[in-house]
Amino acid sequence: MSFEHFVRHARRHPSMLSADRRRQLAAGQKPAALFIGCSDSRVVPSQITGAEPGNLFELRTAGNVVPKYAPDSASSEMATIEYAVLQLRVPEIIVCGHSHCGAVTALTLAGRGLEELPALRGWLGTDGQDGVEPDDPSVRAESKRHIHAQLQTLREYPFIQDRINAGELRLHGWFYEIDTGLVFACPQTPEVTDFLPL
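Parameters and conventions
- Residues numbered from 1 in each chain as written.
- Predicted model: local features only at pLDDT ≥ 70, side-chain atom pairs only at ≥ 80, totals over all residues.
- Heavy atoms only, no water.
- Helix = DSSP H or I, 4+ residues; strand = E, 2+ residues; numbered from the N terminus.
- Buried < 20%, exposed > 50% of the residue type's maximum accessible area, 1.4 Å probe, protein only.
- Areas by Shrake-Rupley, 256 points an atom, 1.4 Å probe, with all protein chains shown as cover.
- Axes fitted to C-alpha atoms, helices over the stretch in contact; angles between N-to-C directions.
- Parallel < 35°, antiparallel > 145°, perpendicular 65-115°, else oblique.
- Left-handed = near helix turned anticlockwise from the far one by under 90°.
- Contact = heavy atoms within 4.5 Å.
- Nonpolar A, V, L, I, M, F, W, Y, C, P; charged D, E, K, R; others polar.
- 1 Å grid on protein atoms, 1.4 Å probe; cavity = no way out; pocket = protein on both sides within 12 Å on 5 of 7 lines; lining within 4 Å.
- Points joined across faces, edges and corners; volume = space filled by probe spheres on them.
- Expected span 1.5 Å × (residues − 1).

**Some remarks on the overall build of the protein**
Within the protein, the regular secondary structure consists of eight helices and six strands. Reading the protein from its N terminus to its C terminus gives the helix and strand order α-α-β-α-β-α-β-α-α-α-α-β-β-β. The burial tally for the protein puts 40% of its 198 residues in the buried class. Of the roughly 11,200 Å² of accessible surface on the protein, a fraction of 53% belongs to carbon and sulfur atoms.

Given below as structure tokens:
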């Protein structure tokens, strides 16, 4: 689909929502979850979840990376998480990684091939690491480990830990297979690493 076709389609079909639903959405949002996913164009949160407008508060980053909690050097990613958890009071956070992830491949290779992309290297934190060639080009195992690492980072945010302890927030790790369309979830316990089909 060309960009011009996309623009023409958007003009002809501004919304498939009813006027009542658009008015409800204009009055405010109460999303069911914060969805932290990769910026990859093949990963479409509403398609994976079946969500309609207003259901998901989305944060998309290269490699679905969650930054370390550092309020003195806040980022837009940290601000999005803070707003979703403290202002919107989302009850669920989903970190969704995927197969064939370029960012995870770059992490595995410790940034080799990103010499011309210093911002991405810095975001992924690949400088000064020893890389290895992934066994599987779809980096399934590496992506699943990466999801666990992002969940652990989220647990280190004090306001997230407070809401988890109060029973008001749950974290979920999902793995989306681009080639099959299947979604797998990791158990709630951090020490269990197996992902099971949803």
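**Quick look at the packing of helix α4 (residues 76-87) against helix α8 (residues 158-165)**
Interaxial distance between α4 and α8 falls to 10 Å at its minimum, and their mutual angle equals 30 degrees. Viewed along their axes, α4 and α8 adopt a mutual orientation that is roughly parallel. At the point where α4 passes α8, the crossing takes the left-handed sense. Listed contacts from α8 to Ile-81, Glu-82, Val-85 and Leu-86 of α4 are Phe-159, Ile-160 and Arg-163. Of the residues that constitute the contact of α4 with α8, the class distribution is five nonpolar, no polar and two charged.

**Structural notes on the layout of surface pockets**
Of the pockets and cavities examined, the largest pocket occupies roughly 320 Å³. If you go around the largest pocket, you meet 17 residues; those closest to its centre are Leu-107, Leu-124, His-146, Ala-149 and Gln-150. When contributions to the lining of the largest pocket are tallied by element, the ones reaching two or more residues are α5 (102-108), α6 (118-124) and α7 (140-155). It is α7 that contributes the most residues to the lining of the largest pocket, six residues altogether. Considered class by class, the residues forming the lining of the largest pocket number eight nonpolar, six polar and three charged.

**Things to note about α4**
With twelve residues, α4 extends 15 Å between its outermost C-alpha atoms, agreeing within 8% with the 16 Å of an ideal straight helix rising 1.5 Å per residue. Buried-residue contacts for α4 involve β1 (33-38), β2 (56-61), β3 (92-98), α6, α7 and α8. Taken from the residues just after α4, Arg-89 is the one with a positive phi, measuring 55 degrees.

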